[in-house]
Amino acid sequence: MKKMTHYLRILMPTILLVPALIFLSCDSENGVIPGGGGGSDQGTEWSKTFGGPDEEEVYCLEETADGGYAMAGFSRSNGEGDQDVYIVKVGNGGELGWESFVGGAQDDAAFGLYVNGGTYLAAGYTYSDTYGSADAWLGMVNEDAISVWDNHYGSEYIDFAHSIVDGVSGDLILGVNLNGDSLGIVATNTSGTELWKKNYGQGTAFKLIRTPDHYYMLGGYVGTPETGTDAVLIKIDSAGDEVWRQTYGNTDNDRIDNFAPATGGYIFTGTIFDLGPENEMENIFLGKVDPEGTLLWEKSLGGQQDQNGRAVIETRDGGYLVVGMTETTSTEGYVVKTDSSGTPEWNRTFGGDADDGFWDVKETLSGSYLIAGYTNSEGSGLSDAWLVHILSEPPEPEED
Ligand SMILES: [Ca+2]
Ligand SMILES: [Ca+2]
Ligand SMILES: [Ca+2]
Ligand SMILES: [Ca+2]
């Protein structure tokens, strides 16, 4: 469970445990916003599900050239077998445009998406056609939902990609984890042919961005969960050479799951263990760094349950919005809005009796928020991809 769910899918594709936590069932204020009726109206809250009778989940949400959005993840309901890469194109009111399923006979999934005009480049992993175990995977789908090409990269060990960005040198840059234990990047040409790859040592990254000053930055952790991890940001130049790295966190295992450029530097979120006197709780790790990665402030946000931060954006009021997961009787999608110094202003949970969670968020042109993830509590069966639209202020005060 928790953040590692989809990486565990890579490490243990045949062991998909969904522990049913049996506590009291008092789900008083978790709102599943009624689906449908949204149209293109961004003045109301709504949620929509996508998928079939088997499992779906999406991990990333990107704007498209026509003002809509695209999401990527996996589906078990369609495709060539087991999980396939699942790309969903929607309008700005969440109305379904098209769905694409790409993959082979084994597990395939996408964690990252880069939309370039009418082309959709999805990055993830494949077990269907590999050099051994999982391989990092990159594929292009066109505006007609047709797979144009795909390729795989890696070693005899577990390799997977989490991100894809347009390269500074006209190439494509994949954020990858290589050889089962190392952070890295792979550069390809625009047809997915590998040009070079670099390895930055032991650890795992979850996000690569192209920075505003046209470098790249990896976020994740260095070390191993067994021997201890530190959250890390690594800045990389266009040739793949490391410029600097900075680590964050406390003495326990912590990590950066996602980060984004923000005014005066970068904002990151992830998971930190609260070293309380009684028990260790997973909390949302929220931090602001300057352009050189020097920490300006950090926060551990959470309550009596485990919380993970999985994506963060700077909002137009200069604050931050973190989305992720909180654990109650089941898991829920969780949203925390903070001010510019990371002090929480409000939080909301979303979901039903089964496991639900959020993975990514975008601010809309009208200042509302679109959040992508998964729900087991509604939809077409088992988990579905989930797109939730909320306004910038909660409709009514919420309590913890
Ligand atoms: Ca497959
Ligand atoms: Ca491999
Ligand atoms: Ca739930
Ligand atoms: Ca489903």
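Above this text sits the structure in question.
Student: Whenever I open this one, the sheet that holds strand β14 (residues 216–224) confuses me. Can you help?
Tutor: Sheets are built from strands paired through backbone hydrogen bonds, the pairs being either parallel or antiparallel. Spatially, β10-β11-β12-β13-β14-β15-β16 is the arrangement adopted by the 7 strands of the open sheet, whose pairing is antiparallel. Each edge of the sheet is formed by a strand with only one pairing partner; in this case those strands are β10 (160–166) and β16 (242–248). Each strand of the sheet is rotated relative to its neighbour by a mean of 35°, with strand direction disregarded. The pairing of strand β15 (residues 228–236) with β16 spans 6 bridges and is classified as antiparallel. Bridge pairing in β16 places Ile-234 opposite Arg-245.

Student: How do you make sense of the nonpolar core when you look at a structure like this?
Tutor: Formed by 99 residues in total, the largest nonpolar core has its most connected members in Val-58, Met-71, Ala-72, Ala-161 and Leu-174. Summarising the domain contributions, this core has at least three residues from each of domain 1 (57–248) and domain 2 (255–394).

Student: Please explain the pairing of strand β7 (residues 119–126) as it appears in this structure.
Tutor: Every regular strand shows the same layout, with side chains that alternate between the two sheet faces. When you tally the buried positions in β7, you get 7 out of 8 residues, the bulk of the element. Note: strand β6 (residues 108–116) against β7, 8 bridges, orientation antiparallel. Of the residues in β7, the one forming a bridge with Leu-113 is Ala-122. Remark: 2 residues form the turn of the hairpin made by β6 and β7, two consecutive strands paired antiparallel; Gly-117 in that turn has positive phi of roughly 60°. When β7 meets strand β8 (residues 135–142), the two strands line up antiparallel, connected through 8 bridges. The partner of Thr-119 across the bridge, within β8, is Asn-142.

Student: I'm lost on the sheet that holds β7 in this one. Help?
Tutor: Here 4 strands make up an open sheet; going across it, the order is β6-β7-β8-β9 and the pairing antiparallel. Among the strands making up the open sheet, the edge pair consists of β6 and β9 (147–153). If you compare each strand with its neighbour and ignore which way they point, the axes differ by 20° on average.

Student: Where do I start with the pairing of strand β20 (residues 295–301) in this structure?
Tutor: Of the pairings in the sheet, the one linking strand β19 (residues 280–289) to β20 comprises 6 bridges and is antiparallel in character. Looking at β20, one finds that Phe-285 is bridged to Ser-300. Remark: 5 residues form the turn of the hairpin made by β19 and β20, two consecutive strands paired antiparallel; Gly-293 in that turn has positive phi of roughly 85°.

Criteria and thresholds
Residues numbered from 1 in each chain as written. Chains lettered and ligands numbered in written order. Predicted model: local features only at pLDDT ≥ 70, side-chain atom pairs only at ≥ 80, totals over all residues. Pairing = 2+ DSSP bridges. Helix = DSSP H or I, 4+ residues; strand = E, 2+ residues; numbered from the N terminus. Axes fitted to C-alpha atoms, helices over the stretch in contact; angles between N-to-C directions. Core = buried A, V, L, I, M, F, W, Y, C linked by C-beta atoms within 7 Å. Buried ≥ 20, exposed ≤ 12 C-beta atoms within 10 Å, placed from the backbone. Domains from an automatic or database assignment.

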